[in-house]
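Here is what each chain is made of, one letter per residue.
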Amino acid sequence: MGLAQCLAATFLFLLGLSTGQRVVTVQKGPLYRVRGSHVTLWCKVSGYQGPAEQNFQWSIYLPSAPEREVQIVSTVDPSFPYAIYTQRVRSRGIYVERVQGDAVLLHITELQDRDAGEYECHTPNTDERYFGSYSAKTNLSVIADTLSASMVPQVLTHTEGDSVELSCEVSKSTIQHTHLSVGWHHLQGARESRAEEVLTLSKDFILRPGPSYVQRFLAGDVRLNKVGNTTYKLSIGGAQLSDQGQLYCEAAEWIEDPDETWKDISRKQTGRTSLAVLSQGKDLSVDIAAAESSISEGDTLQLNCMVGAQKSSSRHFQVLWLLNGMEVARVDPHGVLILKEEYEEKAKLGKLRAFKQSNTVYVFTIYEVGLKDNESCMRLSVSTSTPQVMAGDALILLCEVQGATSPVSVQWWHLPPQHRPWVLVATMERDGTLSLGSAYWDRGARGSPRVEKTSSGAFTLVIPNTLDEGDGGRYKCEVTEWSRGRSWTEEEETAVTVSSVGELGHPCFWVFKLDILEVRLEKRIDTCLGLHATLRSRIATVRYGQSFELDCRVSANYTLEEVPASVRWLFQRSPPTGHYHELVRVLPSGAMTWGAAQPRFQGKAQLTKAATSFRLRIQTAVAADEGTYQCEVEVWRKNAQPQGQPAATARSNAVGIKVVLPESKLQVATEESSVENAGGADTAIECRIVFAQNNSQFAVTWYVLPPPPADATPLQIVRADYSNILEYGAEFSSPVQKSRFLSQRVSSNIFWLRILSANPRDHGRYYCVVEECWQGLGEAVAPVLDLRLRDARGVSAYRERPHWSSGSQEESGRARPLLTLHRDGTIEYPWESLAGRLHLRRPTVGDFSLTLCSVEEGDAGVYHCQVQEWQQQSEGKEWTLQALARSGYTQLTTIPPESTVLSRICSSPSLLNFILYLPLVLILLLALTVFCWYFTFGKRKKGNITGNQLMELEGTGGVKKT
């Protein structure tokens, strides 16, 4: 290739950069991560040509040598890492994860102090030519892990209904601004690998219960409180059997990255506390098991009796062994064996043995078992959770079978109060087949009885809807065990009472008798029921952040617990509007539905129910909680569904709650400022916070005051709440307005309202209102920041008038105008022959760019621009010239016509300013000429080009001096 061809190819290469531009983007820094943690950095490339799967190479510039590149890892070259990183890359201590073809993650599994520095992500070129960026950098700082979480290990034993409290100490001393989250987790068993969330205080100071603890949290039984600076206390009121297991505390430290996302940089777990919950009233439990479930005649039968009790090691037990209800032997509290007389001989012959293996295990053994010893050890117990029910309620009975070693069948029998013969209710066969007694074939709306096997030895009878006193009486469970063609039957019974529903089941009326005429006068049901509700509160004025409680007391001329009842809590904000909104409704089943109008109450309201009262507790009162509260109680007849009309409704009196706000320390810069805008460019209006509480969160609302009259109503533009969720005002809710008006947080204390492509219609006075919420306690309103946006239609509007001129060499320094942009936006071309080759652009408010296409020999000369500033004092007034400025000069030299390279220059977007920057291009051409000459003549020696060689190049005519 000759020198001329090389230069031409170089020009063509430079001029062909108008297609897609390659861009490499890396995670924005600086990033702060703790020593020893697993760190990821993302990198992606766009605008590339070539294959869809791009390659990536990661390097670092260490603080000790910021100019020296140290190669870490590559997706394509295994030999890429320097020696200090080779072993970590081979062991996957450092590796690259490909998220997609053009995006990867750099993983550092255990961050070290020496990993701090400036990271560079480089993508080797796959394009036909170079255009754009091929690498990007970000900074990573390594900080100490100061997070600690600890809890005193304990082994706790509680009974159902007890209160359980656990404390966790959490602290940090990180210099950077970070947030903490603290949560409690529950493991059901020792081998359980997945823990369940109990309750967590998030980094945003929000309490979040786990799925299984939502109802108990809302009812106030599960709480998490911060006590002091470092102590977080979990309180579980009313312990349940499901709480048994292991509990531990987990703390996480969060930092906000420059891209405004939060990252957990450290997590710590405490040791585990073991919690045992004993069934209330069942401190002592006994279980029996046989070493073999089926044996042959002549084999040995061994039975083990296990005793479970709290603090069993310090207690003494007496154990009796019975066969078919008859005592065989006993072991007294001192471990002495006492046999019944008829079994003493067998024991002397070594065919029977009973002894105490430990304080909780007792063993009974029969050697050389005979048929006479095959008797069932089955035992029954029948109980009910509903010994007294109202007609219409469900009746539930439980039959527990112990000691059965073979399949069993179960029959439930009923003896009504009239002492008629026993009636078969239902049967469950050994294979699980269910059949009903003839008297229960058709129960209609009452629902058919059902028998359920809830465990291997537990059978439940459920009568869904009792009708009257006839469903009361005695119920008997009869269990038959089957083995080797023989059967043994045991039975046990219990009594239940079904009460009449009284007035709630029938219309309420008065009866008058006048001689032979009987008059029946019905009375209003709610008056008959005597339902009344009264709402009380111990305090009417609460401090900001304080909790308050409302007590809704209900009275009636019947027992409230015996009827289905629901409560609605109603709220009206202050000042009153005459309309109450529903906060929450609690149904008779205990299910809760939250009102859509006040969703914030769901996370802070606790609901409880006593015998004749309902309570609503509002935690951490804020200004929005001020207003008037009421409760409304509804009751239904026993046999009516709660979805229908209630039998009676009573609404309480109104109780007003006033919230006294603390003195806000929030300060916002209040000085007025002006923003000049010539129209069409972007504008940013600043709202700066001067002082606020530590760890504050902010909501910012932007307003605009339209042009006069002065009493014009402010218009809400957009509100960014504490979570940066945007809510636009009615006048700014269209897609076009939403795309032009943006609220942006640029630092911890500075907010911007950005107006894209501002136009004269945007004229007005702008201000912001800041609301503060610190440490989850509430909100405060900031002073107003008043800003003015001025443009072409407003007071003191400005217009710039650029004017381009050139002085050609032939005109001996005289400047001729090329193009004038007038203040009204019109463009004047004094030379019509140039109009088609001149292109004016305005990238930003203060920048103007002129492109000259198809450069000709006569275009050589000196170019400059002149800008005039015009001001209009008010609408309708004359424009006056305020200032004038002239730019520096740019020399344009054209190349002789025989070189056709420059004729290809036109309006490529990437080279619009090519001519104006010609001196820089000529320097590049000089270097490229040396490069092409060097390879054209085969000069491949190492070292620098000498001065003589450079003079020789200039002598060839390959460099045009200017």
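In this text, all values refer to a predicted model and were calculated from it rather than measured experimentally.

J.: In this structure, what is going on with the overall build of the chain? I would like to understand it.
T.: The helix and strand tally for the chain stands at 9 helices and 69 strands. When the 962 residues of the chain are sorted by exposure, 41% land in the buried category. Considering only residue pairs separated by 6 or more positions, the chain has 58% of its internal contacts joining residues 24 or more positions apart.

J.: Even after reading the chapter, I still don't get the nonpolar core, so can you show me in this structure?
T.: As a rule of thumb, nonpolar side chains are buried together in soluble globular proteins. Core analysis: the largest hydrophobic core is formed by 63 residues, its most contacted members being Val170, Trp184, Leu550, Trp569, Leu616 and Tyr629. With near-sequence residues (within four places) excluded, tyrosine 629 lies in contact with Leu535, Phe548, Leu550, Leu570, Phe571, Leu583, Phe601, Leu616, Asn653, Ala654, Val655 and Ile657. Counting residues in each nonpolar core, the second largest holds 26 residues, with Trp58, Val73, Ile94 and Leu106 among its members.

J.: Please clarify how the pattern of salt bridges should be interpreted in this entry.
T.: Opposite charge on two side chains makes pairing possible when the charged atoms of those side chains draw close. All told, the structure shown has 29 salt bridges when counted by the stated rule. Between glutamate 493 and arginine 474 there is a salt bridge; the shortest N-O distance is 2.4 Å. In this pair, glutamate 493 is assigned in strand S37 (residues 486-499) and arginine 474 in strand S36 (residues 473-483), connecting sequence segments 19 residues apart. Between arginine 719 and glutamate 771 there is a salt bridge; the shortest N-O distance is 3.0 Å. Placement of the pair is arginine 719 in strand S55 (residues 715-720) and glutamate 771 in strand S59 (residues 764-774), with a sequence separation of 52 residues. Each member of the pair, arginine 719 as well as glutamate 771, is classed as buried. The network of salt bridges with common partners includes Glu250, Lys263, Asp264 and Arg267.

J.: Just to check I follow, could you spell out the packing of aromatic side chains for this structure?
T.: Each aromatic ring pair is characterised by the separation of its centres together with the angle its planes make. Applying the stated criterion across every chain, the model contains 7 aromatic pairs. Consider the rings of phenylalanine 571 and tyrosine 629, whose centres lie 4.7 Å apart with planes at 45°: the pair is tilted. Of this pair, phenylalanine 571 sits in strand S43 (residues 565-573) while tyrosine 629 is found in strand S48 (residues 627-635), placing the two residues 58 residues apart along the sequence. For the residue pair phenylalanine 571 and tyrosine 629, the accessibility class agrees, reading buried in each case. Ring geometry for phenylalanine 732 and phenylalanine 741: centres 5.1 Å apart, planes at 80°, overall edge-to-face. Judged on exposure class, the residue phenylalanine 732 and its partner phenylalanine 741 are both buried. Through a chain of ring-to-ring contacts, the aromatic side chains of Phe548, Phe571, Phe601 and Tyr629 assemble into a single cluster.

J.: What am I meant to see in helix H2 (residues 83-90) here?
T.: Residues three or four positions apart in an α-helix share a direction because the helix packs 3.6 residues into each turn. All buried positions along H2 are accounted for by Tyr85, Arg88 and Val89. Considered in projection along H2, the buried side chains sweep an arc of 100° and stay on one side of the axis. Facing away from the buried surface of H2 by more than 90 degrees, the exposed residues are Ala83, Gln87 and Arg90. The secondary structure elements touched by the buried residues of H2 are strand S4 (57-61), strand S5 (70-74), strand S6 (94-100) and strand S7 (103-108).

J.: Got a minute to help me understand the sheet that holds strand S46 (residues 605-609) in this structure?
T.: Note on sheets: strands pair through backbone hydrogen bonds, and any given pair is parallel or antiparallel. Pairing is antiparallel across the open sheet formed by 4 strands, whose spatial order is S40-S42-S47-S46. Looking at the sheet topology across the chains shown, the edges are occupied by strand S40 (532-537) and S46. Between one strand axis and the next, the sheet turns by 15° as a mean value, whatever way the strands run. Direction of pairing for S46 relative to strand S47 (residues 613-618): antiparallel, over a ladder of 5 bridges.

J.: Looking at this structure, I do not really get the environment of glycine 403. What am I missing?
T.: Tracing the chain through its elements places glycine 403 in the loop between strand S30 (395-402) and strand S31 (408-415). With a relative accessible area of 22%, glycine 403 lands in the partly exposed category. For the pair glycine 403 and leucine 380, spaced 23 residues apart in sequence, the C-alpha separation works out to 9.0 Å. When neighbours within four sequence positions are excluded, glycine 403 is seen to be in contact with Ile288, Cys377 and Met378.

J.: Honestly, the sheet that holds strand S22 (residues 301-308) in this entry has me stumped. Any pointers?
T.: Taken in spatial order, the 4 strands make up an open sheet running S21-S22-S27-S26, and their pairing is antiparallel. The open sheet has two edge strands, strand S21 (285-290) and strand S26 (352-356), and neither has a second partner. Within this sheet the neighbouring strands show an average axis-to-axis angle of 15°, counted without direction. Bridging between S26 and strand S27 (residues 361-366) involves 5 bridges; their strand directions are antiparallel. Residue pairing in the sheet places arginine 353 in a bridge with threonine 365 of S27.

J.: Teacher, can you tell me more about unusual backbone geometry here?
T.: Residue proline 30 is reached from glycine 29 by a cis peptide bond, and omega for that bond is 0°. Note that proline 30 resides in the loop between strand S1 (23-26) and strand S2 (31-34). Here the phi dihedral of serine 854 falls at roughly 50°; this positive angle occurs in a residue that is not glycine. Mapped onto the elements, serine 854 comes out in the loop between strand S66 (849-852) and strand S67 (861-872).

J.: Sorry if this is basic, but what is going on with the state of the cysteines here?
T.: Note on terminology: a disulfide is the covalent bond linking the sulfur atoms of two cysteines. Enumeration according to the criterion identifies 5 disulfides in this entry. Bridging cysteine 43 to cysteine 121, the disulfide has an S-S length of 2.0 Å. Its torsion about the S-S bond being -85°, the disulfide of cysteine 43 and cysteine 121 is classed as left-handed. Of this pair, cysteine 43 sits in strand S3 (residues 39-46) while cysteine 121 sits in strand S8 (residues 117-122), placing them 78 residues apart in sequence. Residue classification places cysteine 43 among the buried positions, given a relative accessible area of 0%. Across a sulfur-sulfur distance of 2.0 Å, cysteine 687 and cysteine 768 are joined as a disulfide pair. Torsion about the S-S bond of the cysteine 687 and cysteine 768 cystine: about 50°, corresponding to right-handed handedness. With cysteine 687 in strand S53 (residues 683-691) and cysteine 768 in strand S59, the pair connects residues that are 81 residues apart, well separated along the chain. Each member of the pair, cysteine 687 as well as cysteine 768, carries the same accessibility label: buried.

Cut-offs used in this document
- Residues numbered from 1 in each chain as written.
- Predicted model: local features only at pLDDT ≥ 70, side-chain atom pairs only at ≥ 80, totals over all residues.
- Heavy atoms only, no water.
- Helix = DSSP H or I, 4+ residues; strand = E, 2+ residues; numbered from the N terminus.
- Buried < 20%, exposed > 50% of the residue type's maximum accessible area, 1.4 Å probe, protein only.
- Contact = heavy atoms within 4.5 Å.
- Core = buried A, V, L, I, M, F, W, Y, C linked by side-chain atoms within 4.5 Å.
- Salt bridge = Lys/Arg side-chain N within 4 Å of Asp/Glu carboxyl O.
- Phe/Tyr/Trp six-rings, centres within 6.5 Å; stacked < 30°, edge-to-face > 60°.
- Arc of directions from axis to C-beta.
- Pairing = 2+ DSSP bridges.
- Axes fitted to C-alpha atoms, helices over the stretch in contact; angles between N-to-C directions.
- Disulfide = S-S within 2.5 Å.

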